[in-house]
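Understanding the architecture of this molecule
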Amino acid sequence: MPEITIKLGDQILQTCRFDGDLLRIGRSRENDIVLENLSVSRDHAQIRLHEGQFILTDLNSANGTLVNGVRVTKTEVVDEDVITVGKHKLHFRNPVVAIAKSNRELADEVRTVMVEPRADAWLVVESGRLKDREFRITRFETSLGKAASNDVVLTDDWLLAKKQAIILRKGNNAFEVQDLGGLRKVKVNGNAVDEKADIVDGDVIEVGGTSLRFHSSAAQRTPTGRMPKEITPDGDVGQEPKREAGVLDGTRRQDHQVRKPNPAGRVRGPVNEDSMDLEEGFQSIRMSLVGESNANPPAGNSNSSDNQVEQSDASCADETPGA
């Protein structure tokens, strides 16, 4: 019986068993695997058992579905494939079937090709208050701005937006920077970014008064691994999917121009201990001045939002707690 382990970053959220003919994935509570994150569509994708094969189909989702870092519409998934839905990784395990299929795959080499592994990427600050600091890019989305909730907190320029820019990973070895708007413009190699721009190893990103050099090991990698193949409407194995995919494309970006609040349960990025957002600093001082009057809050106030435990943002119909 196949199992799907749901991960967010390095954290295992749930393990689900596929014991039927159809498994639905999405943000809606009606799905078998529920992923409560705005990057996931209400009905995002499904896996159907068909003639002994597990067929993954993207249900015209806003941000797409990836298998092993490659955007797909419809493809077979096999043992050890990794399905990316929004910020979540779904690790597909079906070892018994994998052994039975090994001989067929050797005879049908068209179904497997080489694919690039996940490239390492990082930013090195070349100018500004954080000069010589290094920030590893380990997530699907890395945010930059003056708010303390960003992955890279920049306090050099008062005119920066709280969330000025994001760096998105596209597949395994491609990246782009997006300017989220504001009084300042993000630049790449001295050129202002018009909404988004591809970045490669050695590019310099300017955000306000801070310059950061982008580094990537993609150029040093040798392709290896399994590449999924598209299945055409008549059931044939189609052409190899495009590698440069997996995040918002030009035709779908309009649905995401306005950045929505994070849903409950989203894992926040690291906070830079050396800086604090100005608005949050004023709020902290204000709270300290009135702290004495609130030292003994009335009984029954223990359910405030500050005391709520952050919940997992993934669940499945047949839940097995993650390790």
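Structure report, in brief. No experiment lies behind these values; they were computed from the predicted model shown.

What follows deals with the environment of arginine 129. Among the structural elements, arginine 129 can be located in the loop between β12 (121-127) and β13 (134-136). Distance from arginine 129 to threonine 210, taken between C-alpha atoms, is 7.7 Å for residues 81 residues apart in sequence. Not counting the four nearest positions on each side in its chain, arginine 129 is found in contact with Thr155 and Asp156. Within the structure, arginine 129 has its side chain in polar contact with the side chain of threonine 155 (distance 3.3 Å).

We now examine the sheet that holds strand β16 (residues 165-170). Strand order across the open sheet formed by five strands is β15-β14-β16-β17-β20, with mixed pairing between neighbours. Where the open sheet ends on each side, the last strands, each with one partner, are β15 (152-153) and β20 (196-199). In terms of strand pairing, strand β14 (residues 141-145) meets β16 through four bridges, oriented antiparallel. The residue of β16 that forms the bridge with threonine 142 is isoleucine 167.

As enumerated under the stated definition, the model contains 15 salt bridges in all. A salt bridge links lysine 87 to glutamate 141; the nearest nitrogen and oxygen atoms lie 3.6 Å apart. Pair noted here: lysine 87 is in the loop between β10 (82-85) and β11 (88-93) and glutamate 141 is in strand β14, with a separation of 54 residues, a long-range link. Between arginine 139 and aspartate 151 there is a salt bridge, with its nearest N and O atoms 3.7 Å apart. One end of the pair, arginine 139, is in the loop between β13 and β14; the other, aspartate 151, is in the loop between β14 and β15, and 12 residues separate them in sequence. Among the residues examined, arginine 139 registers a relative accessible area of 30% and is labelled partly exposed.

Turning our attention to unusual backbone geometry. Residues other than glycine seldom take positive phi values, yet asparagine 68 does so here, at roughly 55 degrees. In this structure, asparagine 68 sits in the loop between β7 (65-67) and β8 (70-72). For asparagine 189, which is not a glycine, the phi torsion comes out positive at approximately 55 degrees. Residue position: asparagine 189 is located in the loop between β18 (187-188) and β19 (191-192). Asparagine 189 gets classed as partly exposed once you look at its relative accessible area, which sits at 44%.

Time to look at the sheet that holds strand β4 (residues 33-35). Strand order across the open sheet formed by six strands is β9-β6-β5-β3-β4-β23, with mixed pairing between neighbours. The outermost strands of the open sheet, each flanked by one partner alone, are β9 (74-77) and β23 (314-316). Ignoring which end each strand starts from, the neighbouring axes of this sheet average 20 degrees apart. Where strand β3 (residues 22-26) meets β4, two bridges bridge the pair, whose relative direction is parallel. Its bridge partner lying in β4, glycine 26 is registered against valine 34.

Now for the side chain of threonine 5. Inspection of the secondary structure puts threonine 5 in strand β1 (residues 3-8). With sequence-adjacent residues up to four places away left out, threonine 5 is seen in contact with Ile12, Gln14, Thr15, Lys89, Leu90 and His91.

What follows is about the environment of arginine 169. Within the secondary structure, arginine 169 sits in strand β16. Counting along the chain gives 32 residues from arginine 169 to isoleucine 137, while the straight-line C-alpha distance between them is 8.8 Å. Side-chain polar atoms of arginine 169 contact the backbone oxygen of isoleucine 137, separated by 3.4 Å.

A few words on the nonpolar core. Ranked by internal contacts, the top residues of the largest apolar core, which has 24 residues, are Ile33, Leu35, Ile47 and Leu90. Of all the elements, β1 adds the most residues to this core, at three residues. Discounting residues that sit within four places of it in the chain, leucine 90 has contacts with Ile4, Thr5, Ile6, Ile25, Ile33, Leu35, Asp81, Val82, Ile83 and Val85. Leu144, Val193, Ile199 and Val207 belong to the second largest nonpolar core, which has 22 residues in total.

With that out of the way, let us pick up the pairing of strand β2 (residues 11-17). Relative to β2, β1 runs antiparallel, the two sharing six bridges. Looking at the pairing, isoleucine 4 lines up with cysteine 16 of β2.

For the rest of this paragraph, the subject is the packing of aromatic side chains. Summed over the entire model, instances satisfying the criterion amount to three aromatic pairs. Chaining the aromatic ring pairs together yields one cluster made of Phe18, Phe54 and Phe92.

Rules and cut-offs
- Residues numbered from 1 in each chain as written.
- Predicted model: local features only at pLDDT ≥ 70, side-chain atom pairs only at ≥ 80, totals over all residues.
- Heavy atoms only, no water.
- Helix = DSSP H or I, 4+ residues; strand = E, 2+ residues; numbered from the N terminus.
- Contact = heavy atoms within 4.5 Å.
- Polar contact = N/O pair within 3.5 Å; in protein donor to acceptor, adjacent residues only side chain to side chain.
- Pairing = 2+ DSSP bridges.
- Salt bridge = Lys/Arg side-chain N within 4 Å of Asp/Glu carboxyl O.
- Buried < 20%, exposed > 50% of the residue type's maximum accessible area, 1.4 Å probe, protein only.
- Axes fitted to C-alpha atoms, helices over the stretch in contact; angles between N-to-C directions.
- Core = buried A, V, L, I, M, F, W, Y, C linked by side-chain atoms within 4.5 Å.
- Phe/Tyr/Trp six-rings, centres within 6.5 Å; stacked < 30°, edge-to-face > 60°.

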